[in-house]
Amino acid sequence: MKKNYMFTPGPTMVPAEVMLAEAEPIIHHRTPQFSEILKEVGEGLRELFGTDRDVYIVTGTGTASMEAAVANTCSPGDKAICVRGGKFGERWSEIASAYRCNVVDEDLEWGRSFSPERAAELLSQHPDAKILCITHSETSTGALTDVEAIAGLTRKSGTLLIVDGITSVGVHRVEMDKWGVDIIVSGSQKGCMVPPGLSFIAASERAWEAIQSSSSPRYYLDMRAMKKNWSDYQTPYTGPVSLIRALRKALEMMREEGLENLYERHRRLAEASRAAMKAIGLNLVADNPVNGVTSVHAPDGIDTGKLTKKMRDEYGVTIAGGQGHLKGKIFRIGHMGYVCKEDLLVCISAVERALKELGYDFEFGAGVSAAHSALFGVHLT
Ligand SMILES: *Cc1c(COP(=O)(O)O)cnc(C)c1O
């Protein structure tokens, strides 16, 4: 018998309660019943985003909402500063190019965080920039960005701040309104513990001015249609009824846990995971790490493609390898969403065993021991 554990930074494990909600009989999307569900889900999303603005649900994964953010705010030729510190930051730049923006790429070494100081420099060099696109939690490297500090700068400038919060919403505290973020997007299959297929987007008042006046072509992702329909809790096209039911259940579970506890749990899991990796002699990829994923440099001579395959196929424990130029060189442990302290011990022990079998020489058990200490204050040795 083998059980499958997913410690991937998306998609993530889905609670049985959420899967059961998804399995409920279909209802029509143009009904008061469905509108009632949308209204409730909208409330839950607003809490997670830290906003009084409406949060729209897009049928499409996180990238769909990223595309919506650019397509709706920029007109061809508008200047877009895109921070590329990893795979997802690069995606901002690709989307902005596709919409014919005048793209200013800000390249960072992968693993480094975009600093508020650098943001200030860029904003003064490019006062004409329409948007600044950043990644709150760069899942490919595990680096965290100080969105609050950067929003403090953009809100005083004419540049809109667009944030990829796909692996931060539901993991880290997000305060869209207080911080002054203009657009933030997230997705269903990361911290929200729902299967892939939905994404979420909210826009500030000044972002709405840009949305109304953008001349970029858009149809399915037109936020004006989302807004119009949301005013009576409708979706512009057929609503993804089952996924939204799943989301309603997941949001209910998050609310039951309490947002403070939710963020604290992620902080603990991240702390334990980092301590475990350091205890077995490995280095983290990020200087300033996020709480949803731990990115780790593999020991010399170990290909993380082999590591992840062994763990998945032999132990039933899935973690992620590296992306882009870090493929084969790093591995990533996802601990966002439906992951508890006990689960993390399963993951750490599986990582240790696989590394041992692949020939890495270290004090076997030191990672699990460090995780125990960090999670429970219990010391094994
Ligand atoms: C997963 C992810 C995305 C994109 O997600 P899709 O859902 O695959 O479209 C974008 N940004 C970040 C930071 C992510 O983790």
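Bear in mind that the values here come from a model prediction, so they are computed numbers and not experimental data.

**Observations regarding the environment of A68**
Then step 1. For A68, the location among the structural elements is in helix α3 (residues 62-73).
Then step 2. Along the sequence, A68 and V58 sit 10 residues apart, while their C-alpha atoms lie 9.1 Å from each other.
Then step 3. Once residues within four sequence positions are removed from consideration, A68 is found in contact with I201, L221 and M223.

**Examining helix α5 (residues 116-125)**
Quick reminder: α-helices carry 3.6 residues per turn. Residues three or four places apart thus point the same way.
Then step 1. Listed as buried for α5 are A119, L122 and L123. The arc that holds every buried residue of α5, seen down its axis, measures 100°, which confines them to one face. For α5, the exposed residues lying more than 90 degrees away from the buried face are E117 and S124.
Then step 2. Summarising the contacts, the buried residues of α5 are in contact with β3 (79-84), β4 (102-107) and α6 (147-154).

**What about the packing of helix α2 (residues 32-49) against helix α10 (residues 241-257)?**
Packed helices, taken two at a time, are described by the angle their axes make and the gap between the axes.
Then step 1. One way to put it is that α2 packs onto α10 with a least axis distance of 9 Å and a crossing angle of 45°. It follows from the interaxial angle that α2 and α10 lie oblique. Remark: the crossing between α2 and α10 carries left-handed chirality. Every residue of α10 that contacts α2 at F34, I37, L38, E40, V41, E43, G44, L45, E47 and L48 is listed here: V241, I244, R245, L247, R248, L251, M254 and R255.
Then step 2. Split by residue class, the contact of α2 with α10 holds 11 nonpolar, one polar and six charged.

**Regarding the domain arrangement of the chain**
Then step 1. If you check the domain split of the chain, you get domain 1 (5-10 + 258-376) and domain 2 (16-256).
Then step 2. Each of domain 1 and domain 2 was reduced to a C-alpha centroid, and the two centroids are 27 Å apart.
Then step 3. Contacts between the two partners involve 27 residues from domain 1 and, on the opposite side, 29 residues from domain 2.
Then step 4. Where domain 1 abuts domain 2, roughly 2,300 Å² becomes buried across the two surfaces, and 57% of that area is made up of carbon and sulfur atoms.
Then step 5. Considering only the side of domain 1, the residues that lose the most area to domain 2 are Y263, V290 and Q323, jointly responsible for 23% of the buried surface there.
Then step 6. On inspection of domain 1 and its partner domain 2, the count reaches two salt bridges.

**What to know about the site of the ligand**
Then step 1. The local shell around the ligand holds 14 residues, among which T61, T63, T139, D164 and K190 are the closest.
Then step 2. Within the backbone of G62, a nitrogen or oxygen atom sits 3.0 Å from an oxygen atom of the ligand.
Then step 3. D164 has a polar side-chain atom sitting 2.5 Å from a nitrogen atom of the ligand.
Then step 4. For the ligand, the protein covers 89% of the area, taking 380 Å² as the surface of the free molecule.
Then step 5. Ranked by residues supplied to the shell around the ligand, first place goes to α3 with three residues.
Then step 6. Here the residues of the shell around the ligand are counted per class, giving three nonpolar, eight polar and three charged.

**Considering unusual backbone geometry**
Then step 1. P11 follows G10 through a cis peptide bond whose omega is -10°.
Then step 2. Relative to the elements of secondary structure, P11 occurs in the loop between β1 (5-6) and α1 (16-22).

**Concerning the side chain of S204**
Then step 1. Structurally, the position occupied by S204 is in the loop between β10 (198-203) and α8 (205-213).
Then step 2. Residue S204 is classed as buried on the basis of its relative accessible area of 11%.
Then step 3. In this view, S204 contacts R53, M176, V181 and D182; residues no more than four positions away in its chain are not counted.

**Points about the packing of aromatic side chains**
Then step 1. Summed over the entire model, instances satisfying the criterion amount to eight aromatic pairs.
Then step 2. Judged by centre distance (6.2 Å) and plane angle (5°), the rings of Y5 and F7 are stacked.
Then step 3. The buried category is assigned to F7, whose relative accessible area is 0%.
Then step 4. Geometrically, the ring pair formed by Y56 and W230 is edge-to-face, given 6.2 Å between the ring centres and 85° between the ring planes. One end of the pair, Y56, is in strand β2 (residues 56-59); the other, W230, is in helix α9 (residues 223-230), with 174 residues separating them in the sequence. With respect to burial, Y56 and W230 carry one shared label: buried.
Then step 5. One aromatic cluster is present, built from ring pairs that chain together Y56, W208, W230 and Y233.
Then step 6. The lysine or arginine in question, K190, covers the ring of F88, its NZ or CZ lying 5.5 Å from the ring centre.
Then step 7. A cation sits over an aromatic face here: K227 above W208, 4.3 Å from the ring centre.

**Thoughts on the sheet that holds strand β5 (residues 131-135)**
Then step 1. The seven strands are arranged β2-β10-β9-β8-β5-β3-β4 in an open sheet whose pairing can be described as mixed. The two strands at the open ends of the sheet, each matched to only one other strand, are β2 and β4. Neighbour-to-neighbour, the strand axes of the sheet open up by a mean angle of 20°, direction not taken into account.
Then step 2. Direction of pairing for β2 relative to β10: antiparallel, over a ladder of four bridges. Bridge pairing in β10 places I57 opposite F200.

**Examining the environment of V171**
Then step 1. Among the structural elements, V171 can be located in the loop between β8 (160-164) and α7 (176-179).
Then step 2. As a C-alpha pair, V171 and V290 span 119 residues in sequence and 8.9 Å in three-dimensional space.
Then step 3. Setting aside anything within four residues of it in sequence, one finds V171 in contact with G191, Y263, H266, N291, G292 and M336.

What counts and what doesn't
Residues numbered from 1 in each chain as written. Predicted model: local features only at pLDDT ≥ 70, side-chain atom pairs only at ≥ 80, totals over all residues. Heavy atoms only, no water. Helix = DSSP H or I, 4+ residues; strand = E, 2+ residues; numbered from the N terminus. Contact = heavy atoms within 4.5 Å. Buried < 20%, exposed > 50% of the residue type's maximum accessible area, 1.4 Å probe, protein only. Arc of directions from axis to C-beta. Axes fitted to C-alpha atoms, helices over the stretch in contact; angles between N-to-C directions. Parallel < 35°, antiparallel > 145°, perpendicular 65-115°, else oblique. Left-handed = near helix turned anticlockwise from the far one by under 90°. Nonpolar A, V, L, I, M, F, W, Y, C, P; charged D, E, K, R; others polar. Domains from an automatic or database assignment. Buried area = accessible area lost by both parts, 1.4 Å probe. Salt bridge = Lys/Arg side-chain N within 4 Å of Asp/Glu carboxyl O. Near = heavy atom within 4 Å. Polar contact = N/O pair within 3.5 Å; in protein donor to acceptor, adjacent residues only side chain to side chain. Areas by Shrake-Rupley, 256 points an atom, 1.4 Å probe, with all protein chains shown as cover. Phe/Tyr/Trp six-rings, centres within 6.5 Å; stacked < 30°, edge-to-face > 60°. Lys NZ or Arg CZ within 6 Å of the ring centre and 35° of its normal. Pairing = 2+ DSSP bridges.

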